[in-house]
Structures are given as structure tokens and as C-alpha cells.
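Notes for the structure review
Each chain is listed here by its residues.
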Amino acid sequence: MVDIHCHILPLVDDGARSWEIAEQMCAMAAGDGITHIVATPHANAQFAYNRERFSELLAELQGRINGILKFSLGCDFNLSFENLELLFASPAQFLIQGTRYLLIELNNFGIPPGFDQLLFRMTAELQIVPILTHPERHPLLQRHPEQVVPWTDLGCLVQITANSLTGHWGRRAKDAAVWLLKKNLVHIVASDAHDVRHRPPVLSPAREVVAQILDEHSAMELVETNPSLVVTDGNIA
């Protein structure tokens, strides 16, 4: 399996709090059957994003774990005005390494004005593929998950969080995730892991839930086939 959303770099955001925890997260992920992780530090008002520094940290983590996982570098991109200016000036610094894919995160207070136009500009002007992270956890989208439909029509992909499906984020998040799944609006399931206890880097429990709701083939598409296409810059149908 491939996990494209994971806060595994230590001491850079609200993810891994130490090198020891980062290494424990790697061991847990490998034990769950994950072979490749995209490290996705936050890029927002609270946590500055430094691509060069994070590349160095990821290389150090790779050396510490003796090759049990492959890594790519990406980010968890907040749609602030300042971030968007940087993105349109130099998109490569935020994309998942070697690809056209960008994880984008909405804040919990609403949907940005002109979000449809922003998605169009991302795909048409920058030739990137936005991946909307965890809409099932967004307070507005929990009540109105159908708002995701026109965004997917514009080429935006949807990633839900693995432990939303297992109930960690509550009934509303799980119900919204299941609704999105049944409407074929989910392209990827990822861990959005931050630690080894409360938000762990595991995908297999969620894969089993998806298999029960849909089928085994669909479950493997969401945790293996599609995320593998992301890290290799392939095309997701």
C-alpha cells in the first residue's frame, strides 16, 4: 500500500514529536503493509514550509530506518492568500516530489470564495492535479458532501482519512466518508498520521471497511493502485 498523506517528519509541525516517534511510525506503517509514504508537512500560517530543509530531514529519516520504506516529499497545502501567491509563482516547491499532484486543505471556517475558479486555474494554468484532503472532516462538507461533486468534475481528486472510516473522527465524519464512497467520489484513502497512538500510519483497517462497503477491488484501488499512480505521476481515471 502507498500512503500519500503522513506527518512523519519529526519536529516540523504537529506530527511526529521526535526522531524516535518518526522511526516508530515507519515501523508501524511497514508492519501494516505500507511500502511508500509521502511526507506531507503542513504549509500554513502556523507552520512554515521549507522544501530544502524537509528534503534533508527526509533523507536522514530514510537512513535511520534501513530501507524498510520508500519516501516522497510533498506538503499539506493550506489555501491561504500568501500560499497561493507562492504556488502560482513556483508550484514545484509544494507538489508531491516528481509529480503534478498537490494535496490541498480547506480551513474549517468555510469554502474559499471562487473555489471552483481556483481549481480551474490550478489545472489549466499550472497543469497540476489538486487532491482535496479529508472533506469528510470539514464541518460544512459533513452537512453537504454533495458540494464535492462539481469539484471532481473540474479535475480535483478526493482523499479521505483512513480512521474516519473506522470511527475515530466521530459519526458525522464516518457518515460523510461512506456517502462519498458510495457516490464514487473518493479516489484515495490515506492515513494523515501524526503519531503512533491517536493518529497512526495504518491503512489496512480502513481498506477492510471499504471492501465491506464496496468490494475488495475498490478497496485496493484506494490504498494501492491510485496512490501508486500519484507517486509515479500517472493518471487516475
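We now turn to the structure provided with this report. (Residues numbered from 1 in each chain as written. Predicted model: local features only at pLDDT ≥ 70, side-chain atom pairs only at ≥ 80, totals over all residues. Heavy atoms only, no water.)

1. Points about the overall build of the chain
We count it as follows: Helix and strand labels come from DSSP, where a helix needs a run of H or I of at least four residues and a strand needs a run of E of at least two; each type is numbered from the N terminus. Under the scheme applied here, a residue whose accessible area is under 20% of the maximum for its type counts as buried, over 50% as exposed, and between as partly exposed, the area being computed with a 1.4 Å probe on protein chains only. Residue contacts are counted whenever heavy atoms from the two residues lie within 4.5 Å of one another. Shrake-Rupley sampling with a 1.4 Å probe provides the accessible areas, and residues are treated as covered by the protein chains on show and by no other component. His is not counted, nor are the chain ends, whereas Lys and Arg count as positive and Asp and Glu as negative. Taken as the charge location is NZ of Lys, CZ of Arg, CG of Asp or CD of Glu.
Of regular secondary structure, the chain possesses 10 helices and 9 strands. Overall size of the chain, expressed as C-alpha extent along the three principal axes, is 45 × 45 × 30 Å. By the burial criterion, 54% of the 237 residues in the chain qualify as buried. Counting contacts in the chain only where the partners sit at least 6 residues apart, residues at least 24 apart contribute 75% of the total. Of the accessible surface of the chain, which amounts to about 10400 Å², a share of 50% is contributed by carbon and sulfur atoms. Both charge centroids of the chain, one from 17 positive and one from 27 negative side chains, sit 5 Å from each other.

2. Observations concerning the environment of leucine 140
The topology assignment puts leucine 140 in helix α5 (residues 139-143). Taking C-alpha positions, leucine 140 is 28 Å from serine 204, a pair spaced 64 residues apart along the chain. Once you skip the residues sitting within four places of it in the chain, leucine 140 turns out to touch Ile111 and Gln147.

3. Digging into the sheet that holds strand β5 (residues 76-78)
Quick note on the threshold: Any two strands are treated as partners once DSSP identifies two or more bridges connecting them. Fitted lines through C-alpha atoms give the axes, limited to the stretch in contact for helices. The angle between two N-to-C directions lies from 0 to 180 degrees.
An order of β3-β5-β6-β7-β8-β9 is seen for the 6 strands of this open sheet, with the pairing classed as parallel. Strands at the two margins of the open sheet, each flanked by one partner only, are β3 (42-43) and β9 (188-190). As judged from the 3 bridges shared by strand β7 (residues 129-133) and strand β8 (residues 157-161), these two strands associate in the parallel manner. From the neighbouring strand, isoleucine 131 faces β8, where its bridge partner is leucine 157. In this fold helix α10 (residues 216-231) packs onto β6 (101-105), β7 and β9, with an angle of close to 100° to the strand it touches most, β9.

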